[in-house]
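Take a look at the letters that make up each chain.
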Amino acid sequence: MALYKINVNGKEKSVEAVPDMPLLWVLRDLLDLTGSKFGCGIGACGACTVLVDGVSQQSCQIPVSSLGTKKVTTIEGLSKDGKHPLQKAWIEHDVPQCGYCQAGQIMAAAALLKKNPHPTDAELDDALGLNICRCGTYQRIRDAVKAAAAGATK
Amino acid sequence: MSDRKELTRRNFIQLVGGVGASLALGSFASLACADVALKTPTAGTGASFAPNVFVKVDPDGKVTVTIICPDAGQGSRTALAMLVAEELDVDWHNVAVVQAPANQAVYGRQGIGGSNTVRSMFGELRRVGATTRMMLVAAAAKNWKVDASTLKTSSGHVLSADGKKSVAYGALTAVAATMPVPTSDIVLKKPEDFKIIGKPRTRIDNPDVVTGKAQYGLDVKIPGMVYAVIARPPAFGATLKSFDDTAAKAVPGVLQVIQVPSGVAVVGSNTWAAISGRKALKIDWDMGPNTDLDSAKITAQLVAAVGPHKEMPEGAKTIEATFDFPYLSHATMEPMNAVADVHDDHCTLWSGTQQPTGAVGQVAGLLKLPQEKVTLNVTLLGGGFGRRLSNEYIIDAVNVSKAIKKPVKVVWTREDDMKHDNYRPAGHSALKGAVDASGSPVGWSHQTITAGRGGAGSYGNPDLSYNIPGAGMRQGGVRIPVPTGAWRSVEHTLQSVANECFMDELAHAAGKDPFEFRKGLLTNERLKHCLVTAAEKAGWGTPLPAGHGRGIACFEGYGSYAAHVIELSVENGQIKLHRAVCVVDCGIAVNPTGVEAQMQGACTDGLATALSAAITIRNGSVVENNWSNFLWMRLDGMPKVEVHIIPSAEAPGGMGEPGYPSVPPAVANALFAATGKRVRKFPIKLDELV
Ligand code: FES
Ligand code: FES
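Please read all numbers here as calculations on a predicted model, not as lab measurements.

(A) The overall build of chain B, seen in detail. On a plain count of helices and strands, chain B comes out with 18 helices and 26 strands. Rg of the C-alpha trace for chain B: 27 Å, near the compact-globule value of 26 Å for 690 residues, within the 12% margin. The principal-axis extents of the C-alpha atoms in chain B amount to approximately 80 × 70 × 40 Å. Taking all 690 residues of chain B together, 61% fall into the buried category. In chain B, the proportion of contacts linking residues at least 24 apart, taken out of those at least 6 apart, comes to 75%. Surface summary for chain B: the accessible area is close to 23,900 Å², and the carbon and sulfur share equals 52%.

(B) Focus on the pattern of salt bridges. Residue and element names in this part refer to chain B. The tally for this structure, following the rule as stated, stands at 31 salt bridges over all chains. As a salt-bridge pair, Glu334 and Arg388 come within 3.2 Å of each other at their nearest N and O atoms. A residue pair is termed long-range when its members are at least 10 positions apart, and Glu334 in the loop between β13 (317-325) and β14 (337-342) and Arg388 in the loop between β16 (374-378) and α12 (392-404) qualify at 54 residues. In the salt-bridge network here, residues are joined through shared partners; they are Glu86, Asp89, Lys189 and Lys195.

(C) Region of interest: the domain arrangement of chain B. All names here are of chain B. Here chain B is partitioned into domain 1 (9-202), domain 2 (217-288 + 336-411) and domain 3 (301-327 + 423-688). Each side of the interface is counted separately: domain 1 has 17 residues, and domain 2 has 14 residues. With both chains or domains summed, domain 1 and domain 2 bury close to 1,200 Å², and 56% of this area falls on carbon and sulfur atoms. Run the count over domain 1 and domain 2 and you get zero salt bridges.

(D) The sheet that holds β13 of chain B, seen in detail. Residues and elements named next belong to chain B. Pairing in this open sheet of four strands is mixed, and the strands run β13-β18-β19-β20 from one edge to the other. If you trace the sheet from one side to the other, it starts and ends with β13 and β20 (472-479), each paired once. Averaged over all pairs of adjacent strands, the angle between strand axes in this sheet comes to 10 degrees, irrespective of strand direction. Along the sheet, helix α14 (residues 495-509) contacts β13, β18 (426-435), β19 (441-452) and β20; its crossing angle with β13, the most-contacted strand, is approximately 150 degrees.

(E) Structural context of the nonpolar core. Grouped together as the largest cluster of nonpolar side chains are 166 residues, with contacts concentrated most on Ile6 and Trp90 of chain A together with Tyr327, Trp627, Trp632 and Ile684 of chain B. No other element matches the nine residues that helix α3 (residues 102-115) of chain A contributes to this core. The next biggest cluster of nonpolar side chains, apart from the first, holds 53 residues, and it includes Ile67, Cys69, Leu136 and Trp144 of chain B.

(F) Examining the state of the cysteines more closely. Residues and elements named next belong to chain B. Counted by the stated rule, this structure contains zero disulfides over all chains. Sulfur of Cys530: no disulfide; nearest cysteine sulfur belongs to Cys554 and is 8.5 Å away. Cys582 forms no disulfide, and the closest cysteine sulfur to it belongs to Cys603, at a distance of 4.0 Å. Given the relative accessible area of 0%, Cys582 is considered buried.

(G) Structural detail: the packing of helix α5 (residues 138-149) of chain A against helix α17 (residues 592-611) of chain B. For the pair α5 of chain A and α17 of chain B, interaxial distance at closest approach is 9 Å and the crossing angle is 115 degrees. For the pair formed by α5 of chain A and α17 of chain B, the contact residues are Tyr138, Gln139 and Arg140 of chain A on the first element and Thr593, Glu596, Ala597, Gln600 and Thr604 of chain B on the second. Residue classes in the contact of α5 of chain A with α17 of chain B are distributed as two nonpolar, four polar and two charged.

(H) View of α17 of chain B. The end-to-end C-alpha distance of α17 of chain B, which contains 20 residues, comes to 28 Å, matching closely the 28 Å that a straight helix rising 1.5 Å per residue would cover. Taken across its 20 residues, α17 of chain B has 19 buried, putting it largely inside the fold.

(I) Region of the structure containing the sheet that holds strand β1 (residues 49-52) of chain B. Residue and element names in this part refer to chain B. Judged by pairing direction, the sheet is mixed, and its four strands sit side by side in the order β1-β2-β3-β4 without closing on themselves. In this open sheet, the two edge strands, each paired with only one partner strand, are β1 and β4 (95-99). Averaged over all neighbouring strand pairs, the angle between strand axes comes to 25 degrees, with direction disregarded. For strand β3 (residues 63-67) and β4, the ladder comprises five bridges, and the chain directions are parallel.

(J) Structural context of helix α3 (residues 76-88) of chain B. Residue and element names in this part refer to chain B. Over its 13 residues, α3 runs 18 Å from end to end, which matches the ideal 18 Å to within 8%, given 1.5 Å per residue. Burial runs high along α3: 13 of the 13 residues are buried. Just past α3, the residue Asp89 takes up positive phi, approximately 65 degrees.

(K) Here's a closer look at the interface of chain B and chain A. On the side of chain A, 50 residues touch chain B, which itself brings 60 residues to the contact. Both sides of the chain B and chain A interface together cover about 4,700 Å² of buried area, and 59% of this is carbon and sulfur. Of all residues in chain B, the largest losses of buried area upon contact with chain A belong to Trp272, Met333 and Leu635 of chain B, amounting jointly to 18% of the total for that side. Counting the contacts that link chain B with chain A gives five salt bridges. When the shortest N-O distance is used, the salt bridge between Asp605 of chain B and Arg134 of chain A registers 3.0 Å. Counting across the interface, chain B meets chain A through 31 residue pairs in polar contact (both at pLDDT 80 or more). For the side of chain B that touches chain A, the leading source of residues is α17 of chain B, giving eight residues. Among the residues making up the side of chain B that touches chain A, the classes are represented as 28 nonpolar, 20 polar and 12 charged.

(L) Inspection of the packing of aromatic side chains at higher detail. Enumeration according to the criterion identifies 11 aromatic pairs over all chains in this entry. Taking 5.3 Å as the distance between ring centres and 90 degrees as the angle between the ring planes, the aromatic pair formed by Tyr100 of chain A and Tyr216 of chain B counts as edge-to-face. Within this pair, whereas Tyr100 of chain A is found in the loop between α2 (85-92) and α3, its partner Tyr216 of chain B is found in the loop between α7 (206-210) and β8 (226-231), the two belonging to separate chains. Just above the ring of Trp412 of chain B sits the side chain of Arg232 of chain B; from NZ or CZ to the centre is 3.9 Å.

(M) The arrangement of unusual backbone geometry in detail. Residues and elements named next belong to chain B. Here the amide bond leading from Phe682 into Pro683 is cis, since omega sits at -5 degrees, within 30 degrees of zero. Secondary-structure assignment places Pro683 in the segment after α18 (663-675). In this model, Ser489 sits at a positive phi of 80 degrees, which is unusual for a non-glycine residue. Tracing the backbone shows Ser489 in the loop between β20 and α14. Assessed through its relative accessible area of 0%, Ser489 is described here as buried. We note that Asn572 has phi near 50 degrees; this positive angle belongs to a residue other than glycine.

(N) A look at the confidence of the model for chain B. Residues and elements named next belong to chain B. Looking at chain B, the pLDDT average stands at 92 and 92% of residues meet or exceed 70. Note that residues 1-45 has pLDDT below 50 and, in this model, 123 contacts with residues that lie over four places away or in other chains. For this predicted complex, the interface confidence score (ipTM) comes to 0.98, while the overall pTM stands at 0.94.

(O) Broad picture of the domain arrangement of chain A. Residue and element names in this part refer to chain A. The domains assigned to chain A are domain 1 (2-76) and domain 2 (85-150). Taken together, the contact pairs 18 residues of domain 1 with 12 residues of domain 2. Both faces considered, domain 1 and domain 2 share a buried interface measuring about 1,200 Å² in area, 66% of it formed by carbon and sulfur atoms. Where domain 1 packs against domain 2, one counts zero salt bridges.

(P) Region of interest: the side chain of Asn669 of chain B. Residue and element names in this part refer to chain B. For Asn669, the position within the fold is in helix α18. The exposure class assigned to Asn669 is buried, which follows from its relative accessible area of 2%. Within polar-contact distance, the side chain of Asn669 engages the backbone oxygen of Glu500 at 3.2 Å. Sequence-distant contacts of Asn669, defined by excluding residues within four places in its chain, comprise Glu500, Cys501, Asp504, Arg518, Arg550, Gly551, Ile552 and Arg678.

The rules behind each value
Residues numbered from 1 in each chain as written. Chains lettered and ligands numbered in written order. Predicted model: local features only at pLDDT ≥ 70, side-chain atom pairs only at ≥ 80, totals over all residues. Heavy atoms only, no water. Helix = DSSP H or I, 4+ residues; strand = E, 2+ residues; numbered from the N terminus. Rg over C-alpha atoms; globule rule 2.2 N^0.38 Å. Buried < 20%, exposed > 50% of the residue type's maximum accessible area, 1.4 Å probe, protein only. Contact = heavy atoms within 4.5 Å. Areas by Shrake-Rupley, 256 points an atom, 1.4 Å probe, with all protein chains shown as cover. Salt bridge = Lys/Arg side-chain N within 4 Å of Asp/Glu carboxyl O. Domains from an automatic or database assignment. Buried area = accessible area lost by both parts, 1.4 Å probe. Pairing = 2+ DSSP bridges. Axes fitted to C-alpha atoms, helices over the stretch in contact; angles between N-to-C directions. Core = buried A, V, L, I, M, F, W, Y, C linked by side-chain atoms within 4.5 Å. Disulfide = S-S within 2.5 Å. Nonpolar A, V, L, I, M, F, W, Y, C, P; charged D, E, K, R; others polar. Expected span 1.5 Å × (residues − 1). Polar contact = N/O pair within 3.5 Å; in protein donor to acceptor, adjacent residues only side chain to side chain. Phe/Tyr/Trp six-rings, centres within 6.5 Å; stacked < 30°, edge-to-face > 60°. Lys NZ or Arg CZ within 6 Å of the ring centre and 35° of its normal. pLDDT = per-residue confidence, 0-100.

Given below as structure tokens:
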């Protein structure tokens, strides 16, 4: 066990953990940030996607010891008021079914729009290609990301 | 912490207080999610007006609807609240929902399955709204000293006949609570007067979902809670001989290692500690009697169980085909889990289950406690599809908590979840059909044999939708020690899929267009209309680029009707999906955006199971263990999916399942159109076409 200081959603947090504990479990079990979901634990589903220094990454694949001073953003920290254009688009396009995968989908989309505000269909497919939605909300995910990219949310 | 607030909010008894003594509405007997026998009227609680267990009106006009059915993503929390809000005549933005815990005494049986939730409660929840509204109107009539029949309501207000006087529901709560509960002359709105039903309402949980606040079973944390994972038998029928927990206990954060009925539980101070501890555990298993079992042998047994086909008419042209189906995992996005806090005289549970009252019964039996001493708080479900009809993950948590005398969350990892599911059974369908010289079908024989622990008859036997003289369907089974269970649309995932594949082959044998052939044989007008609509929307018969093909199929069941056209092509040795046209007639679409979502979801399931998803058995165990080898659709493989809802004033049909069965055959039929080759096995591999 060691003490790690990590930066999550703009705040410095101290956690006591084994070095190999994945960020996902640090967030969920130690910091009570349960918005990032466990779907596979092997980097194959995207449910645990967070931003690390603005880049989309699977938190189940990041040992806490490797984070250093990198800045982690989770769904809870994506916006102050839940009004990120993607969050608004997700509500307006009624994307969620069970909702379990959606934090990961939104975080992957947020990383995409940050570096590429107007992605093509192929770029969108590529950026969200890891994220499984078992409920099959893909059509609405496409529609919602495009609406957010076009600034077409209310 | 938001967890705690959430849990308290969900605790119905606390929240609605004394409403256990509630309104008498004898008509609830037909609820499928509940068979509710409500008792005597209540005067409500405090200043709020809660005339029955389903609805509460606050002095500020806020309406809270209690949802007694779990929401596994089918949108029931939204659609059920819409039913109440419609007849109560309130504005949708003033409506909130609260999830009821399991409580058979108050709500009757609570459970979701068979695409039943909305259709089974359509009449009853509207009556709840209507009676509540009538009591508010009676209260205004009393205050104004006028006859209630002269008053109207609109947007959460009671209005005088001339519209000059208006009072908000919130101002009437105290008086309304003293009004008698109407038991007769409950008038429901006419469909043409609906303001909420039939108008798309985005999901009531969306704001919580997109901010990460929505709480699933896996997100529950209660004071003093520890975490556990269980090492389960590595083959079906394997049993524990002994284990050595020395290394496991040396893993930081591991608290205890104990034997439980389902295996060896490793308890840790967090999930990762438990998972790491399990990796270090040394277990000696007796591998049991099934280590020779594999998918090829199972298929051989299924094939051997096929009997002779029905006789076909003399002189007719006959064709035969067979279709193999693999086991399928439900693979809900949220793996199985539950939190249990077991004490000597009571037990509290948190879980997302499709069968809350069933779980309470099981746990009460296991702990030898009266049912009222078992509290189950129902969280959101990260997917159901039939997987959460059984409650073994809750039993796991109860067993561990009982043994360690602490609250515990039992987590199934994805590997646990995929290798220990109740699978859609593997199956083998054999079909024979005949057409006469004019191309009319004159014979049809269908046998499907499924492989599951239940043997024959464990999966249903659907009717054929087509008018074919002497058509015969037979379902049989072989007993195979692989646990099976209901999977979205159950038997239709096999038989109805095989029917619609073979229908295409019969049309071809008759020299007819597969759409026209079906159309001529369908007897149900609603189904026929779906088929025709799908063909029209997809441009059936219009030219396609070279190498493309369209396939069509249709389905009726669960009180609804559906048809699909899939367009695909084969490029560079790979199937590329271009377009999925989905049509449904589900009667009144209570929430059209929810109906569309169910069709999109079922379509995705149909595509994934047609093209890639399969569970394979080898050495008596499941080979696939995660999303890396149980291959599901991802964004980049998805075609454009369009959904068309047939306008209807008929009673609502089910929506969870009817969108699935015609998708895999539409894919197979499109592949024939594109390549001239037939599918004999799912999931489809191009090199296995014939
Ligand atoms: S849980 Fe991390 S990618 Fe699936
Ligand atoms: S909404 Fe259920 S998994 Fe995506």
